[in-house]
Amino acid sequence: MGSHDHHGHHHHDHAGHSHDHGHGHDHSHSHVHAPASFGKAFAIGITLNTALVVAQAVYGYIGNSTALLADAGHNLSDVLGLVVAWGASIAARRAPSGRFTYGLRASTILAALANAVLLLVATGAIGWEAILRLREPEPIAGVTVMVVAGIGILINGFTAMLFARGRKDDINIEGAYLHMAADAAVSLGVVVSAALIVWTGWLWLDPVTGLVICATILWSTTSLLRGSIDMSMAAAPKGTDLAAIRALLLARPGVSAIHDLHVWPISTTETALTCHLVMPDGAGDAFLMETARMLKASFRIGHTTLQVETHPDNGCALAPDDVV
């Protein structure tokens, strides 16, 4: 029995290695390609937006517009968000070392969380200023505000487009994209409100625009916040069909039962799975590698670790807290 057990573990280990090796290969295309191209997007985005923040803050102050100052504050949170997201995407590519056996990939999850929190803080500041202004509206330099906010639409829209194609695969890139898209909308709102003020003289439009902008930002931030918190709690990535994964494993030849199935995100783009398979006749490398390949093809799970047990009571499968 001892030798058999050892045998099972040896296979598991071996498959793990060769699988990881293969994983490195076929992942390298999308992996190296995505962050490399986004590095340029981050650099351009940060440069343009820093310039925009300075311009909006200066002209918002000169032109006396809360809406424009709010836009500057919001753009500043963007620059910080982009810096955090960029740092995380670089950290995610660092090789595993020492205690960080998965490398620093999880920093992408923390970055998405920090991004959402930054947005909430910025929104609170803008909202507060706008409410104060509502009580006593002040005149603004309408045309100046329109021009500067107009530049903001162009810069934010352009930056959002740089990240548009990566947002489906990575919540971190989605955070950067949402930030930028929300900002383009914010700047548009500022232009419209300034135009209306010039036209009608309704000064209260400036702070009201600020508040509407806040509501929009809050709405878009909640899903980012929820998603990043779920990932921090090692919840299975959104859209993962656990029942289907369980069915696939149970349907594999020789598997009589499974337990301790865990699926969790290593980073915002990579998923890991561990599971104990009860297989009375044991399993060879080919079985383990094929199972890992199937999980990757069907569920995009890149890191699969399977433990094979020949006796159902081996891994305390019957303990109530283990039954999955």
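Since this is a predicted model, take the numbers as computed values, not measurements.

Cut-offs and rules
Residues numbered from 1 in each chain as written. Predicted model: local features only at pLDDT ≥ 70, side-chain atom pairs only at ≥ 80, totals over all residues. Heavy atoms only, no water. Helix = DSSP H or I, 4+ residues; strand = E, 2+ residues; numbered from the N terminus. Buried < 20%, exposed > 50% of the residue type's maximum accessible area, 1.4 Å probe, protein only. Areas by Shrake-Rupley, 256 points an atom, 1.4 Å probe, with all protein chains shown as cover. Patch = residues over 30% accessible without salt bridge, like charges linked within 9 Å, V, L, I, M, F, W, Y side chains within 5 Å. Salt bridge = Lys/Arg side-chain N within 4 Å of Asp/Glu carboxyl O. Expected span 1.5 Å × (residues − 1). Polar contact = N/O pair within 3.5 Å; in protein donor to acceptor, adjacent residues only side chain to side chain. 1 Å grid on protein atoms, 1.4 Å probe; cavity = no way out; pocket = protein on both sides within 12 Å on 5 of 7 lines; lining within 4 Å. Points joined across faces, edges and corners; volume = space filled by probe spheres on them. Pairing = 2+ DSSP bridges. Axes fitted to C-alpha atoms, helices over the stretch in contact; angles between N-to-C directions. Parallel < 35°, antiparallel > 145°, perpendicular 65-115°, else oblique. Left-handed = near helix turned anticlockwise from the far one by under 90°. Contact = heavy atoms within 4.5 Å. Nonpolar A, V, L, I, M, F, W, Y, C, P; charged D, E, K, R; others polar. pLDDT = per-residue confidence, 0-100. Phe/Tyr/Trp six-rings, centres within 6.5 Å; stacked < 30°, edge-to-face > 60°.

The next point concerns the overall build of the protein chain. Helices and strands together make up the secondary structure of the protein chain, namely eight helices and four strands. Each helix (α) and strand (β) of the protein chain, taken in turn from the N terminus, gives the series α-α-β-α-α-α-α-α-β-β-α-β. Out of the 324 residues in the protein chain, the part that is buried amounts to 44%. Summing over all exposed atoms, the protein chain offers an accessible surface of approximately 16,000 Å²; the carbon and sulfur share of this is 68%.

On the surface, V54, V58, Y59, Y61, I62 and L69 cluster together to form a nonpolar patch covering roughly 630 Å² of accessible area. Considering every element that reaches the nonpolar patch, the biggest residue donor is helix α1 (residues 2-63), with five residues. Given a relative accessible area of 41%, V58 falls into the partly exposed group.

Here we take up helix α2 (residues 66-91). Look at α2: 37 Å from first C-alpha to last across 26 residues, which is about the 38 Å you get at 1.5 Å a residue. One side-chain oxygen of the residue at the start of α2 lies 3.0 Å from the amide nitrogen of L68, identifying that residue as S65.

Taken as a whole, the largest pocket holds about 850 Å³ of empty space. Lining the largest pocket are 29 residues, with K168, M231, P237, K238 and G239 positioned closest to its centre. Taken together, the elements giving at least two residues each to the lining of the largest pocket come down to α5 (171-200), α6 (205-232), β2 (257-265) and α8 (285-299). Per element, the largest residue contribution to the lining of the largest pocket is six residues, and it comes from α6.

This next bit is on the sheet that holds strand β4 (residues 303-309). Spatial strand order, β2-β3-β4: three strands in an open sheet with mixed pairing. Each edge of the open sheet is held by one strand with a lone partner, namely β2 and β4. Strand-to-strand twist in this sheet, taken as the mean axis angle between neighbours without regard to direction, amounts to 10°. Pairing of β2 with strand β3 (residues 271-278) involves seven bridges; the strand directions are antiparallel. Within β3, the residue paired with V263 across the bridge is L273.

Attention shifts here to the packing of α2 against α5. Look at α2 against α5: their axes get within 10 Å of each other, and the N-to-C directions meet at 165°. Compared by their axis directions, α2 and α5 come out roughly antiparallel. The two elements α2 and α5 meet at a crossing, and its hand is left-handed. Here A67, L68, D71, H74, N75, S77, D78, G81, L82, A85, A88 and S89 of α2 lie close against α5, whose contacting residues are N172, A176, H179, M180, A182, D183, V186, S187 and V190. Considering only residue class, the contact of α2 with α5 consists of 10 nonpolar, eight polar and three charged.

Next up on the list: unusual backbone geometry. If you check the backbone angles, A234 has positive phi at about 60° while not being a glycine. Tracing the backbone through its elements, the reader meets A234 in the loop between α6 and α7 (242-251). Look at A234 and you get partly exposed, because its relative accessible area is 42%. Its identity as a non-glycine residue notwithstanding, R300 has a phi of 55°, on the positive side. Topologically, R300 is positioned in the loop between α8 and β4.

For the structure on display, the rule yields three salt bridges. A salt bridge links R105 to E270, with the nearest nitrogen and oxygen atoms 2.7 Å apart. With R105 in the loop between β1 (101-104) and α3 (107-135) and E270 in the loop between β2 and β3, this pair connects stretches of sequence that are 165 residues apart. Each of the two residues, R105 as well as E270, counts as buried.

Attention now goes to the environment of A235. With respect to the element layout, A235 can be found in the loop between α6 and α7. For the pair formed by A235 and V263, sequence separation is 28 residues and the distance between their alpha carbons is 7.6 Å. If sequence neighbours within four positions are ignored, A235 has contacts with D230, V263, W264 and P265.

On average, residues of the protein chain score 81 in pLDDT, and 85% of them reach the 70 mark or higher. In the model of the protein chain, α1 stands out as the element of lowest mean pLDDT, 61, in contrast to α7, which has the highest, 95. Segment residues 317-324 is flagged for pLDDT under 50; beyond a separation of four residues in sequence, or across chains, it makes 12 contacts in the model.

Let us look at the packing of aromatic side chains. Centre distance and the angle of the planes are the two values used to describe a pair of aromatic rings. Tallied over the full model, the rule gives four aromatic pairs. Aromatic pair F42 and W86: ring centres 6.1 Å apart, planes at 20°, arrangement stacked. In this pair, F42 sits in helix α1 while W86 sits in helix α2, placing the two residues 44 residues apart along the sequence. Using a relative accessible area of 0% as the deciding quantity, one classes F42 as buried. Exposure remark for W86: the relative accessible area of 28% places this residue in the partly exposed category. On the numbers, 4.8 Å between centres and 50° between planes, the contact of F42 with F163 is tilted. Note that F42 is positioned in helix α1 and F163 in helix α4 (residues 142-163), a separation of 121 residues in sequence. Each member of the pair, F42 as well as F163, carries the same accessibility label: buried. Clustering of aromatic rings is evident, with ring pairs tying together F38, F42, W86 and F163.

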